[in-house]
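Residues per chain are reported as follows:
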Amino acid sequence: MKIAILLVIALVIIIFHYWACRRPPKYWYTGGIIPLAWLILLTVLFFNGMINWAEDWKIVCFPTLLVFLMWGEGYEWSKKKELAKMKAQDIE
């Protein structure tokens, strides 16, 4: 049961992050909520001795890279969408 709850929570976080990353460029910072929370969590775990960098670097780097790449990709997508919208208004 605990694993099912954790999977649901992870899925909700991923869906929220995907949605937040694709906000208009005016709200670029909303996509940074999850990466910031992740970095804070890693910092707390590291200073409490729960993360050993020599052993856990793969487990730490992959999700960190993933959330930052999602943020960057979502920002670029939203900029392209905004430019397409502006071009459509110019044509009219």
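What you see as residue numbers is a count from 1 along each chain, following the sequence as written. For this predicted model, a pLDDT threshold of at least 70 governs which residues receive local features, and a threshold of 80 or more governs which side-chain atom pairs are given and counted, while totals over whole chains, interfaces and linings are taken from all residues. The basis for every side-chain value is the complete set of heavy atoms in the structure, and neither hydrogens nor water enter the calculation.

(A) Highlighting the pattern of salt bridges. Every case where a carboxyl oxygen of Asp or Glu lies within 4 Å of a side-chain nitrogen of Lys or Arg is listed as a salt bridge. Evaluation of the coordinates by the stated rule reveals two salt bridges. Note that Glu73 is salt-bridged to Arg22, the shortest N-O span being 3.0 Å. Here Glu73 is found in helix H3 (residues 53-91), whereas its partner Arg22 is found in the loop between helix H1 (2-21) and helix H2 (33-47), with 51 residues between them in sequence. Here Glu76 and Lys79 are joined by a salt bridge, their closest N and O atoms 3.7 Å apart. Placement of the pair is Glu76 and Lys79 together in helix H3, with a separation of three residues, close to one helical turn. Buried residues are those whose accessible area, probed at 1.4 Å on protein chains only, stays under 20% of the maximum for their type, while exposed residues exceed 50% and partly exposed ones sit between those limits. By relative accessible area, which is 32% here, Lys79 ends up partly exposed. Strands here are runs of E lasting at least two residues and helices are runs of H or I lasting at least four, both read from the DSSP assignment and numbered beginning at the N terminus.

(B) Looking closely at the layout of surface pockets. Here a cavity means grid points, on a 1 Å grid over the protein atoms only, where a 1.4 Å probe fits yet cannot get out; a pocket means an open set of points with protein on both sides within 12 Å along at least five of seven lines; lining residues are those with an atom within 4 Å of a point. Grid points are joined across faces, edges and corners, and a volume is the space filled by probe spheres set on the points. Each pocket or cavity is described by its volume, and for the largest pocket that value is around 310 Å³. Every residue lining the largest pocket is listed: Ala10, Ile13, Ile14, His17, Ile34, Ala37, Trp38, Leu41, Pro63, Leu66, Val67 and Met70. Counting only elements with at least two residues in the lining of the largest pocket, the list comes to H1, H2 and H3. Among the residues forming the lining of the largest pocket, the class breakdown is eleven nonpolar, one polar and no charged. Any residue that is not Ala, Val, Leu, Ile, Met, Phe, Trp, Tyr, Cys, Pro, Asp, Glu, Lys or Arg is counted as polar, Gly included; the first ten are nonpolar and the last four charged.

(C) Examining the packing of aromatic side chains more closely. Centre distance within 6.5 Å is the pairing criterion for rings of Phe, Tyr and Trp, where only the six-membered ring of Trp is used; planes under 30 degrees apart are then read as stacked, over 60 as edge-to-face, and the remainder as tilted. Here the structure, examined in full by the defined rule, presents four aromatic pairs. Pairing Tyr27 with Tyr29 gives two aromatic rings, centres 6.4 Å apart and planes at 75°, and the pair type is edge-to-face. Arranged with centres 6.2 Å apart and planes meeting at 40°, the rings of Phe68 and Trp71 form a pair that is tilted. A residue pair is termed a helical-turn pair when its members lie 3 or 4 positions apart in one helix, as Phe68 and Trp71 do in helix H3 at three residues. Under the relative-accessibility criterion, Phe68 is labelled partly exposed at 32%. Taking relative accessible area as the criterion, Trp71 reaches 21% and is therefore assigned partly exposed. In this scheme, the term charge over a ring applies when either NZ of a lysine or CZ of an arginine sits within 6 Å of the ring centre and within 35 degrees of the ring normal. Across from the ring centre of Trp77, 4.5 Å away, lies the NZ or CZ of Arg22, which sits over that ring.

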